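# Examining the three-dimensional arrangement
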Amino acid sequence: MRFRWKLVLGILLVLVVVFIFIGRERQHTPTVVLTPISTDIGVNQIGYAPTAVKFAYTTVPAQSFSLVQLRDNQTVFTGAPKMSSTDESTGREVYVLDFSSYKKSGTYQIRLPNGVGSAPFQISTGVYEIVYKQAMRSYELQRCGVAIDDPLTHVQHAECHMNPAVLHTDNSQSRDTVGGWHDAGDFGKYMSNAGVTVGQLLLLQELAPQTAEYTGLELPQADSDYPDALAVIRVELDWMLKMQRQDGAVYHSVATAKFPGMIMPEADLGTQYIYDISTPDTAIFAAAMARAARVYEAYDESYSQRLLEASTKAWAFLAKSKEILSLQDKQAYRPRSDKDKRVWAAAELYVTTGHPVFREYVEQHIEQLELNPAKMVPSYWQNTSSLAILTLALGGPHDWELTHELRQRLLQHANLVVNKLNHSAYGTVLQPADYDWGSAKTTLGYGLHLAAANYIEPQPYYPHAISRQLDWVLGANPLAQSFVTGMGSSSPMQPHNRYVVASGVLIPGLLVGGPNSYANDKIAPKKLGPRSYVDDSRSYATNENAIDYNAALVVVAGYLNEWHQVNKQSWFSRLFQ
């Protein structure tokens, strides 16, 4: 009986405490009061990890700035703007607002004395996970050949492009090419871009292995025992396998003769053509399949073997073939050379198999790569040099002299990148000439290089430099504009994407091209460097998404997420270091 009374009194005490807590919470109901948002303040609109550098930028001269917690509209930090440098596109002076020392989680706004504020943002350990999840998940929402009905985003369409595609050179022949991802704002599927995308995405396994094991993507088509990222990537690999001929050669692309209008994918009923083989496409295929074989081996040995057989089959075709370039002038992604692609393929096959024939090929043709640290650029379908270098630097034998040399060159390159961004008004490595197609992807591509450098020889400034590239993409730039759909209060709402335009439903997590001084579509403003951008669905030169754009975003966000989680330590644990 005494025990029962103690139990009852204990329950009553808990209830009293709960009611008191609820009452206090009601008295302190968050009152979000936003100061008018100004494009004069560039900030990462998703936010910053507590341990990250936290820079915002403004062109407004001011004696001070304040960091305001929006939950209770209280100023929690004040600082003095520091001169950065002159913005080349406007000639205006740029000031850095540094609040790196403030680490408390919450939702905030930066405010200036003139009464304007930044876009709201978070300080949280989960900011990079948010970006990674949305960016990686966007591939699943761009699947071709299946019906999509996603309850989280309301992206929905019927199965599409289900008919066999016919050979462009011989209409009497056809084959099954169903599957994969829609490449960009159109519904085509292109081997060179697919291979480069897959090759970059699979770098997660080396650079951020815990993130690669992440199973929180909430995939609408989840039916695999793989980690979520590998389940998503297999969709593209399975399509790529369908594009290989019996002799090992690989077809260039599958697409209609002309781009369709802004229609739903299931309404694109024009004949799908398979465009002819090329050696650059075959080499990129061989490289991507060899890397994938390494990654999938731990999860599915038979599938890994199938990928490796496809890779070696493609290499056998390359070994007996001279350069064959795609002849269809109107098709996208037509590399002008296969030389660097062959080296990348040999590098991947050597790291996967250890066979001396591939090592010998790499040693004999290494000069086909761009080895000058000052001239290394992020890889894309036209230039895969840095992907080959990353493969050899990260996965080559430690006793191989070439591995050591490439590691040193990559580190020299990374230090040059850091030096460039430290002298940039907005902390981006982008130079005036880089404001071309896919500039947002380019800055993240350099971030990927920095991640590899930090893997090889960790330096505290590498992760900070990487996060500043992501900051730029998510709004810490002259336009105070995020270039990722669904991320930030000022993010692309009208991307050049046929599904989005036709349905009116935004696919979140898509990186658009970003500023392009050439404004090839004649919609965006020309010759304005980082200001040559417009959120307009007609602007395919600045506002179109593409699968290779997102690859760098996925790897950078995934890497930063893992790095900050691993390096997140309490004050208590640091006492014992």
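Computed from a predicted model, the values in this text were never measured in an experiment.

### A short note on the overall build of the protein
Broken down by element type, the protein carries 17 helices and 16 strands. For 577 residues, the compact-globule estimate of 2.2 N^0.38 gives 25 Å, and the protein sits close to it at 25 Å. Taken over the C-alpha atoms alone, the protein extends approximately 80 × 75 × 55 Å along its principal axes. Taking all 577 residues of the protein together, 57% fall into the buried category.

### Structural notes on unusual backbone geometry
Phi is positive for Glu 218, which is not a glycine, with a value near 50°. Exposure remark for Glu 218: the relative accessible area of 46% places this residue in the partly exposed category. Backbone geometry at Tyr 333 places phi at a positive 55°, although glycine is not the residue there. Tracing the backbone shows Tyr 333 in the loop between helix 8 (301–319) and helix 9 (339–353).

### Details of helix 13 (residues 439–456)
Between its first and last C-alpha atoms helix 13 spans 26 Å; for 18 residues at 1.5 Å apiece the expected length is 26 Å, and the two agree. For helix 13, the tally of buried residues reaches 17 of 18 residues, placing the bulk of the element in the interior.

### Let's talk about the confidence of the model for the protein
The pLDDT averaged across the protein works out to 92; a share of 92% of its residues lies at or above 70. Taken together, the stretch residues 1–29 has pLDDT below 50 and engages in 0 contacts with residues farther than four places along the chain or on a different chain. Contacts for the low-pLDDT stretch residues 569–577, under 50 throughout, to residues beyond four places or in other chains number 2 contacts.

### Overview of the nonpolar core
The tendency in soluble globular proteins is for nonpolar side chains to be buried as a group. The biggest cluster of nonpolar side chains holds 144 residues, and the ones touching the most others in it are Met 136, Leu 237, Met 240 and Tyr 296. It is helix 7 (residues 279–296) that provides the largest number of residues to this core, a total of 12 residues. In contact with Tyr 296, other than residues within four places in its own chain, are Leu 202, Tyr 226, Leu 230, Ile 233, Arg 234, Leu 237, Glu 301, Tyr 303, Ser 304 and Leu 307. In this structure, Val 60, Phe 77, Val 116 and Phe 121 belong to the second largest nonpolar core, which totals 18 residues.

### Notes on the sheet that holds strand 4 (residues 65–69)
Each strand in a sheet pairs with its neighbour through backbone hydrogen bonds, running either in the same direction (parallel) or in the opposite one (antiparallel). Pairing is mixed across the open sheet formed by 5 strands, whose spatial order is 2-9-8-4-5. Edge strands, defined here as strands with exactly one partner in the open sheet, are strand 2 (47–48) and strand 5 (74–79). As judged from the 4 bridges shared by strand 4 and strand 8 (residues 106–111), these two strands associate in the antiparallel manner. Looking at strand 8, one finds that Gln 69 is bridged to Tyr 108.

### Brief notes about the sheet that holds strand 7 (residues 93–98)
The sheet built from 4 strands is open, its strands ordered 1-3-7-6 with antiparallel pairing. Bordering the open sheet on either side are strand 1 (41–42) and strand 6 (82–86), each of which pairs with just one other strand.

### Focus: the packing of helix 6 (residues 228–242) against helix 8
Packed helix pairs are specified by the crossing angle of their axes together with the interaxial distance, meaning the distance between the axes. Where helix 6 contacts helix 8, the axes come no closer than 11 Å and their chain directions differ by 45°. Relative to helix 8, the element helix 6 lies oblique. Once helix 6 is placed against helix 8, the crossing between them reads as left-handed. Across the interface between the two elements, Arg 234, Leu 237, Asp 238 and Leu 241 from helix 6 touch Tyr 303, Arg 306, Leu 307 and Ala 310 from helix 8. Taken together, the residues that form the contact of helix 6 with helix 8 break down as 5 nonpolar, no polar and 3 charged.

### Overview of the pairing of strand 3 (residues 55–58)
Of the two faces of strand 3, both are covered, the one formed by Phe 55 and Tyr 57 as well as the one formed by Ala 56 and Thr 58. Examined bridge by bridge, strand 1 and strand 3 share 2 bridges and lie antiparallel to one another. Within strand 3, the residue paired with Ile 41 across the bridge is Thr 58. When strand 3 meets strand 7, the two strands line up antiparallel, connected through 4 bridges. Within strand 7, the residue paired with Ala 56 across the bridge is Leu 97.

### Observations regarding the environment of Ala 135
Examined against the element boundaries, Ala 135 turns out to sit in helix 2 (residues 127–140). Given a relative accessible area of 0%, Ala 135 falls into the buried group. Setting aside its immediate chain neighbours within four residues, Ala 135 contacts Met 487, Gly 509, Asn 550, Leu 553 and Val 554.

### Digging into the side chain of Ser 532
Along the polypeptide, Ser 532 turns up in the loop between helix 15 (498–503) and helix 16 (547–566). Classification of Ser 532 as buried rests on a relative accessible area of 0%. Once residues within four sequence positions are removed from consideration, Ser 532 is found in contact with Gly 514, Pro 515, Asn 516, Ser 517, Ala 524, Pro 525, Lys 526, Lys 527 and Thr 542.

### Observations regarding the packing of aromatic side chains
Any two aromatic rings considered together are summarised by their centre-to-centre distance and by the angle between their planes. Going through the model one piece at a time under the given rule, you end up with 23 aromatic pairs. Seen from their ring centres, Phe 65 and Phe 77 are 6.2 Å apart, and the 45° between their planes marks the pair as tilted. Of this pair, Phe 65 sits in strand 4 while Phe 77 sits in strand 5, placing them 12 residues apart in sequence. Owing to a relative accessible area of 2%, Phe 65 belongs among the buried residues under this scheme. Ring pairs connect the aromatic residues Tyr 48, Phe 99, Tyr 102, Tyr 108 and Phe 121, which therefore count as one cluster.

### Some details on the state of the cysteines
In total, this model carries 0 disulfides according to the counting rule given. In this structure Cys 144 is not part of a disulfide, and its nearest cysteine sulfur, from Cys 160, lies 3.9 Å away. Taking relative accessible area as the criterion, Cys 144 reaches 2% and is therefore assigned buried. Owing to a relative accessible area of 1%, Cys 160 belongs among the buried residues under this scheme.

### Side note on the side chain of Asp 300
Note that Asp 300 resides in the loop between helix 7 and helix 8. In terms of polar contacts, Asp 300 uses its side chain to reach the side chain of Tyr 226, at 2.6 Å. A distance of 3.1 Å separates the side chain of Asp 300 from the backbone nitrogen of Tyr 303, its partner in a polar contact. Sequence-distant contacts of Asp 300, that is, excluding residues within four places in its chain, are made with Tyr 226 and Arg 234.

### A look at the environment of Leu 97
Summarising the element assignment, Leu 97 is placed in strand 7. Taking relative accessible area as the criterion, Leu 97 reaches 0% and is therefore assigned buried. Taking C-alpha positions, Leu 97 is 29 Å from Gln 412, a pair spaced 315 residues apart along the chain. The contact partners of Leu 97, leaving out residues within four places of it in the chain, are Ile 41, Lys 54, Phe 55, Ala 56, Thr 58, Phe 65, Pro 81, Ile 110 and Leu 112.

What counts and what doesn't
- Throughout this description, residue numbers start from 1 for each chain and increase along the sequence as written.
- Reporting in this predicted model follows two pLDDT cut-offs: at least 70 for local features of residues, and 80 or more for side-chain atom pairs to be given and counted; totals over whole chains, interfaces and linings ignore these cut-offs and use all residues.
- Processing note: side-chain calculations cover all non-hydrogen atoms of the structure and skip hydrogens and water entirely.
- Secondary structure counts use DSSP, requiring at least four H or I residues in a row for a helix and at least two E residues in a row for a strand, with both numbered from the N terminus.
- With the radius of gyration taken over C-alpha atoms, the globule rule is written as 2.2 Å times the number of residues to the power 0.38.
- Relative accessibility under 20% of the residue-type maximum defines a buried residue, over 50% an exposed one, and the middle range a partly exposed one, all with a 1.4 Å probe and only protein chains included.
- What a helix should span is 1.5 Å times the count of its residues minus one.
- Scored from 0 to 100, pLDDT records how confident the predictor is in each individual residue.
- The contact rule is simple, with two residues in contact once any of their heavy atoms fall within 4.5 Å.
- Think of a nonpolar core as a cluster: buried Ala, Val, Leu, Ile, Met, Phe, Trp, Tyr and Cys residues, connected wherever their side-chain atoms sit within 4.5 Å.
- Pairing between strands requires that DSSP locate at least two bridges from one strand to the other.
- Only the contacting stretch of a helix is used when fitting its axis, a line to C-alpha atoms as for every element, and angles between N-to-C directions run 0 to 180 degrees.
- Angles below 35 degrees are treated as roughly parallel, those above 145 as roughly antiparallel, those between 65 and 115 as roughly perpendicular, and all remaining angles as oblique.
- Two helices that cross are described as forming a left-handed crossing if the nearer one is turned anticlockwise from the farther one by less than a right angle, and a right-handed crossing if clockwise.
- Residue polarity is assigned by list, with Asp, Glu, Lys and Arg as charged and Ala, Val, Leu, Ile, Met, Phe, Trp, Tyr, Cys and Pro as nonpolar; anything else, Gly included, falls into the polar class.
- Between rings of Phe, Tyr and Trp, where Trp is taken as its six-membered ring, a pair exists when centres lie within 6.5 Å; planes separated by under 30 degrees are stacked, by over 60 edge-to-face, and by other angles tilted.
- Working definition: a disulfide is two cysteine sulfur atoms within 2.5 Å of each other.
- In protein, a polar contact means a hydrogen-donor-capable atom and an acceptor-capable atom, both N or O and within 3.5 Å, with residues adjacent in sequence counting only if both atoms are side-chain atoms; elsewhere, any N or O pair within 3.5 Å suffices.

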